[in-house]
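# Structural overview for review
Here are the chains, one letter per residue:
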Amino acid sequence: MPGRPLRRSSFLVGFTGGLGVLLAYAVFLGLRNAAGILILVVIALFLAVGLYPAVVRLRVLGLSHGLAVAVVALTVVLLLCGGLVALVPPVVTQTGEFVDQLPSYVESLRRNDTVNDLVERYGLVERVRNAANADNLGRTLGGVLGGAQLVFGTVFRALTVLVLTIYFLVYFDRLRDLGYALVPASRRERVRLIGDAILAKVGAYMVGALTIALLAGTTTFVFALVVGLPYPFALAVVVAVTDLIPQIGATLGAVIVSLVGFATDLPVGIACAVFFLIYQQVENYLIYPKVMRRSVEVNEVAALVAALLGASLIGVVGALIAIPTVAAIQLVLREVVLPRQDTR
């Protein structure tokens, strides 16, 4: 026979509450420590949702699910490799040219009387010798190792996102059906319809963003060939990649190309600034609204506010997923919340 129930003493209530606080704090610490991995998972899931319509299209053409995923993944890898091939050689070439010309730069400075006078007046040689001690060299080596760690960390995160994206594409149908199975059977069909509509909007947003970025890169490539900018394909890749970042990406790409133009020639730099000023107005007020209105049907003000909030919360990732998130919220409001409010 069970004994008498425990009385709700103040000690027992306080002890239970303390355990709850400790458990909540442990969950918080776990989420904080795993924030980097969770962000990679969100990026991979977002990419998988955007790429899944391509897998469906290939399956309609007669390919098996595994072969369709392999074709999509191989296409993504080739695009990444193409971008690296376009960007790495110019950086290596410019760095090599600077290193080769560095002795001549130093020699020209040594022959300059004004520079020699400044060196003697402020004791720059002695300061360089003092800076080149063991502690400062150790800090410099730590900075170099930190830079190498940053590079390898970025490569590791990129490979992690790529592998997770492939896995999500392979098991996309199972994961989606599992999510719908967690919903009560009486509401499962309704949730399935709304969920499929949200996934379709996310995929449409990805297609629209890639289309706008491809158009920006192509236009930049043609303009770079016309005005004679060095490495036109690399600059086009930079503009296309930065254009994927909402709100600030197009401006960032324009600044980079304009700086290259000013470094090449003053008239070329002015032409770059004028070109991007005109093109951004065309993209912001003609191309982007038409493409995104057909894709996700998001209000412009809501999209701007969501992008700013997402960027302030989790950076570039938040800005990327802000617009499809707003589209999903608008769909839920229109299909669930507002009809329920009308029936009350």
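Structure: above.
Every residue gets a number counted from 1 within its own chain, in the order that chain's sequence is written. Local features in this predicted model are restricted to residues whose pLDDT is 70 or higher, and side-chain atom pairs enter the listing and the counts only when it is 80 or higher, whereas totals over whole chains, interfaces and linings include all residues. Derived side-chain values reflect all non-hydrogen atoms in the structure, with water molecules and hydrogen atoms excluded from consideration.

### Focus on the nonpolar core
The test is simple: The definition of a nonpolar core used throughout is a set of buried Ala, Val, Leu, Ile, Met, Phe, Trp, Tyr and Cys residues joined through side-chain atoms within 4.5 Å. The classification of residues rests on relative accessible area computed with a 1.4 Å probe and restricted to protein chains. Under 20% of the type maximum is buried, over 50% is exposed, and intermediate values are partly exposed. Every helix listed is a DSSP run of H or I at least four residues long, and every strand listed is a run of E at least two residues long, numbered separately from the N terminus. Every residue pair with non-hydrogen atoms within 4.5 Å of one another is taken to be in contact.
Of all hydrophobic cores here, the largest spans 21 residues; its most connected members are Phe46, Tyr52, Val55, Val72 and Leu169. Contributing elements (two or more residues each) for this core: α2 (35–60), α3 (65–110), α6 (134–170), α8 (185–227) and α13 (316–343). Broken down by element, this core gets its largest block of residues, nine residues, from α2. Apart from the residues within four sequence positions on either side, Tyr52 is in contact with Arg59, His65, Leu169, Phe172 and Asp173. Counting 15 residues, the second largest nonpolar core, distinct from the first, contains Phe223, Ala224, Phe275 and Phe276.

### Observations concerning the packing of helix α7 (residues 172–181) against α8
Under the convention used in this document: Think of each axis as a best-fit line through the C-alpha atoms, taken over the contacting stretch in the case of a helix, with angles from 0 to 180 degrees between the N-to-C directions. Geometric relationships in this document are graded by angle, where less than 35 degrees denotes roughly parallel, more than 145 denotes roughly antiparallel, 65 to 115 denotes roughly perpendicular, and other angles denote oblique. Handedness of each helix crossing follows the sense of rotation of the near helix against the far helix: counterclockwise by less than a right angle gives left-handed, clockwise gives right-handed. Note on residue classes: Ala, Val, Leu, Ile, Met, Phe, Trp, Tyr, Cys and Pro are nonpolar, Asp, Glu, Lys and Arg are charged, and everything else, Gly too, is polar.
It is the contact of α7 with α8, at a shortest axis distance of 10 Å, that shows an interaxial angle of 140°. With respect to α8, the axis of α7 lies oblique. Crossing geometry of α7 relative to α8 is assigned as right-handed. The residues of α8 that touch α7, namely those facing Phe172, Arg176, Asp177, Tyr180 and Ala181, are Arg188, Val191, Arg192, Gly195, Asp196 and Leu199. A per-class count over the contact of α7 with α8 returns five nonpolar, one polar and five charged.

### Digging into the packing of α8 against helix α9 (residues 232–242)
Two elements in contact, α8 and α9, have axes whose closest approach is 8 Å; the angle formed by their N-to-C orientations is 150°. By the criterion of interaxial angle, the relationship of α8 to α9 is roughly antiparallel. Judged by the sense of rotation from one axis to the other, the crossing of α8 with α9 is right-handed. The segment α8 lies against α9, with Ala213, Ala216, Gly217, Thr220, Phe221, Ala224 and Leu225 engaging Pro232, Phe233, Leu235, Ala236, Val239 and Ala240. For the contact of α8 with α9, the per-class residue count stands at 11 nonpolar, two polar and no charged.

### So, the environment of Gln330
Relative to the assigned elements, Gln330 resides in helix α13. Residue classification places Gln330 among the partly exposed residues on the basis of a relative accessible area of 24%. Along the sequence, Gln330 and Ile198 sit 132 residues apart, while their C-alpha atoms lie 9.8 Å from each other.

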